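Survey of secondary and tertiary structure
Next come the chains, spelled out residue by residue.
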Amino acid sequence: GPDDAPVVIVEFSDFQCPFCARATQTMQEIMKRYPKQVRWLFNHFPLDFHPDAKLAHAAAIAAGAHGKFWEMHEKLLENVMYWNVDNTKPVLTSFGEGLGVKKLSACMENDDTLKQVGTDYYEGQQLKIRGTPTFFVNGITVIGDKNLFVTIDQELDALLR
């Protein structure tokens, strides 16, 4: 969304989380309904019990370095149920074939890429996030996607007063 959107949604998400996959569908609906009123920011929050999540987040950051973050984001969450420890890296790099598998793979292992995942995760810890997805709608905490539309409408109504 636009930089000057009156509602900013900051999401902390895990690419190996089925609840995050569902919430992405909600966020896509939100962006269609409020294209000028909402800005969506994504933060990486790979949960410890998802063994391949850090690698997936690294793949998304690597794709983002080539202007393809949101495309990789969608592919990762569309295919969340097909991952396993043995095939994760080949699966992730195959999603990024248009970017060049070698480039994507090298970027995924880059120290700066891994540092970004760690920085987002640390920020989430400071905000006391315990699960994903967790959203902040203009600073209001929304856990899960069920109350996002209501919270956005309340924020927009408050801005009109």
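Values in this document were obtained by computation on a predicted structure and should not be read as measured data.

Considerations on the sheet that holds strand β3 (residues 134-137)
The four strands lie next to each other as β2-β1-β3-β4, forming an open sheet whose pairing is mixed. On the outer flanks of this sheet lie β2 (38-44) and β4 (140-143), each paired with one strand and no other. Adjacent strand axes in the sheet meet at a mean angle of 20 degrees, parallel and antiparallel pairs treated alike. Alignment of strand β1 (residues 7-13) against β3, held across four bridges, turns out to be antiparallel. Paired with Ile-9 across the strands is Val-137, a residue of β3. Against the sheet, helix α1 (residues 18-33) contacts β1, β2 and β3, and its axis sits at roughly 160 degrees relative to β2.

Focus: the environment of Asn-43
Along the chain, Asn-43 falls in strand β2. Accessibility expressed as a relative area gives 10% for Asn-43, which makes it buried. In this structure the C-alpha to C-alpha distance between Asn-43 and Gln-116, which are 73 residues apart in sequence, comes to 9.4 Å. Those residues in contact with Asn-43 that sit more than four places away from it in its chain are Val-10, Glu-11, Phe-12, Ser-13, Asp-120 and Glu-123.

Some details on the nonpolar core
Ile-9, Ile-30, Val-38 and Ile-152 are the most contacted members of the largest nonpolar core, which totals 16 residues. Of all the elements in the fold, those that place two or more residues in this core are β1, α1, β2, β3 and α7 (148-160). Those residues in contact with Val-38 that lie beyond four places of it in its chain are Gly-1, Pro-2, Ala-5, Val-7, Ile-9, Ile-30, Met-31 and Ile-152. Counting 13 residues, the second-largest nonpolar core is a separate cluster that includes Ala-21, Phe-42, Ala-60 and Leu-76.

Comments concerning the state of the cysteines
Using the criterion set out here, one finds zero disulfides in the structure. We note that Cys-17 lacks a disulfide partner, and the nearest cysteine sulfur, in Cys-20, lies 3.4 Å from it. Residue classification places Cys-17 among the buried positions, given a relative accessible area of 3%.

Let's talk about the pattern of salt bridges
In this structure the tally under the stated criterion is two salt bridges. We note a salt bridge from Asp-3 to Arg-39, for which the minimum N-O separation is 3.3 Å. Taken together, the positions of Asp-3 in the segment before β1 and Arg-39 in strand β2 put the pair 36 residues apart, joining distant regions of the chain. Look at Asp-3 and you get exposed, because its relative accessible area is 65%. In this structure, Asp-145 and Arg-22 form a salt bridge, with 3.1 Å as the shortest nitrogen-oxygen distance. In this pair, Asp-145 sits in the loop between β4 and α7 while Arg-22 sits in helix α1, placing the two residues 123 residues apart along the sequence. Of the residues examined, Arg-22 reaches a relative accessible area of 40% and is grouped as partly exposed.

Calculation criteria
Residues numbered from 1 in each chain as written. Predicted model: local features only at pLDDT ≥ 70, side-chain atom pairs only at ≥ 80, totals over all residues. Heavy atoms only, no water. Pairing = 2+ DSSP bridges. Helix = DSSP H or I, 4+ residues; strand = E, 2+ residues; numbered from the N terminus. Axes fitted to C-alpha atoms, helices over the stretch in contact; angles between N-to-C directions. Contact = heavy atoms within 4.5 Å. Buried < 20%, exposed > 50% of the residue type's maximum accessible area, 1.4 Å probe, protein only. Core = buried A, V, L, I, M, F, W, Y, C linked by side-chain atoms within 4.5 Å. Disulfide = S-S within 2.5 Å. Salt bridge = Lys/Arg side-chain N within 4 Å of Asp/Glu carboxyl O.

In short, geometric facts, not functional conclusions.
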